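# Chain and residue survey
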Amino acid sequence: MQIDLTDILNHEGRKEEYSVPLELDAVKTGRESFPVLEKAPVNVEVIHTEDQVLEIKAASDVMVAVPCARCLETVKVPFHIQCDLKADMKLSEREREEESEELSCIADKKLDVDWLVHNEILTDWPIQVLCREDCKGICPKCGANRNQTSCGCDTAVPDPRMAAISDIFSKFKEV
Ligand SMILES: [Zn+2]
Ligand SMILES: [Zn+2]
């Protein structure tokens with residue numbers, strides 16, 4: 001959803017508050033897409049502080065489904081969005097984006113709230129998502145979820161010294 005900033009830009013010192021529904025239904029990180037499970041309306045506050053400078057605050061809570069990095073079970077990851085931007089509307093869109101990529105959510109005097117929230121989620125995106133700290137993952141031999149069953153496969157790691165030797169042999173072969 002977009003908020004039209006034209007009116008507030010005509011009134012220095014004005015402050016507006018909005019509660020807008022979030023339309024976002026998936027978070028896209030590069031090639032992957034993660035479904036949004038739950039979302040709260042976005043509370044947005046816009047203040048025209050002075051001379052075409054806007055202060056924009058936005059807050060929302062979004063729950064995204066992300067597969068566990070080890071066992072692929074769905075994990076509900078909560079994102080608590082809270083951001084505070086300053087946009088100098090005297091600058092061009094490109095100049096603003098050079099200042100901060102976050103400001104790419106403003107174009108043609110409109111604030112794209114979904115875009116803003118999406119970017120904030122990407123900024124907070126965790127490096128690794130696990131269903132639990134000690135997730136045992138998937139058995140590399142039979143594919144069983146080892147949190148649920150103990151399949152009994154022999155997945156002992158080979159002796160590192162032996163691994164080093166076989167590495168040398170395989171390098172030798174490549175030559
Ligand atoms: Zn897991
Ligand atoms: Zn197994």
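For the structure itself, consult the block above.
Treat the numbers as computed from the prediction; the structure is a model and nothing was measured.

Each value, and the rule that gives it
- Residues numbered from 1 in each chain as written.
- Chains lettered and ligands numbered in written order.
- Predicted model: local features only at pLDDT ≥ 70, side-chain atom pairs only at ≥ 80, totals over all residues.
- Heavy atoms only, no water.
- Pairing = 2+ DSSP bridges.
- Helix = DSSP H or I, 4+ residues; strand = E, 2+ residues; numbered from the N terminus.
- Contact = heavy atoms within 4.5 Å.
- Axes fitted to C-alpha atoms, helices over the stretch in contact; angles between N-to-C directions.
- Donors = N, O, S within 2.8 Å, 3.2 Å for Na, K, Ca; no water.
- Tetrahedral: all angles 85-135°; square planar, octahedral: opposite > 155°, others 65-115°.
- Buried < 20%, exposed > 50% of the residue type's maximum accessible area, 1.4 Å probe, protein only.
- Polar contact = N/O pair within 3.5 Å; in protein donor to acceptor, adjacent residues only side chain to side chain.

## Some points on the sheet that holds strand E8 (residues 106-107)
Strand order in this open sheet of three strands is E1-E9-E8, and the pairing throughout is antiparallel. Both edges of this open sheet fall to strand E1 (2-4) and E8, since each of them pairs with a single strand only. Note that E8 and strand E9 (residues 110-112) share two bridges and pair antiparallel. Bridge pairing in E9 places Ile106 opposite Leu111. Helix H3 (residues 113-123) rests against E1 and E9 of the sheet, and its axis sits at about 45 degrees to E9.

## Considerations on the coordination of the zinc ion (ligand 1)
Protein coordination at the zinc ion (ligand 1) comes from Cys68 (SG), Cys71 (SG), Cys131 (SG) and Cys135 (SG), with a distance range of 2.3 Å. One can describe the donor arrangement at the zinc ion (ligand 1) as tetrahedral, given that its four donor atoms subtend angles of 106 to 115 degrees at the metal. Going along the chain, you hit the donors of the zinc ion (ligand 1) in the pattern C-x2-C-x59-C-x3-C. You can see Cys71 sitting in the loop between strand E6 (53-67) and strand E7 (74-88) and its partner Cys135 sitting in the loop between H3 and helix H4 (160-174), a full 64 residues away along the chain. Across the pair, Cys135 and Cys71 agree in class, each one buried.

## Focus on the side chain of Ser60
Looking at the secondary structure, you find Ser60 in strand E6. Within the local environment of Ser60, its side chain forms a polar contact with the backbone oxygen of Ala40, the two atoms lying 2.8 Å apart.

## Considerations on the coordination of the zinc ion (ligand 2)
Ideal geometry at a metal gives 109.5 degrees between four tetrahedral donors and either 90 or 180 degrees between six octahedral ones. Listed as protein donors to the zinc ion (ligand 2) are Cys139 (SG), Cys142 (SG), Cys151 (SG) and Cys153 (SG); their distances from the metal cover 2.2 to 2.3 Å. Viewed at the metal, the four donor atoms of the zinc ion (ligand 2) are separated by angles of 107 to 113 degrees, and the geometry they form is tetrahedral. When the donor residues of the zinc ion (ligand 2) are listed from N- to C-terminus, their spacing reads C-x2-C-x8-C-x1-C. Note that Cys142 is positioned in the loop between H3 and H4 and Cys153 in the loop between H3 and H4, a separation of eleven residues in sequence.

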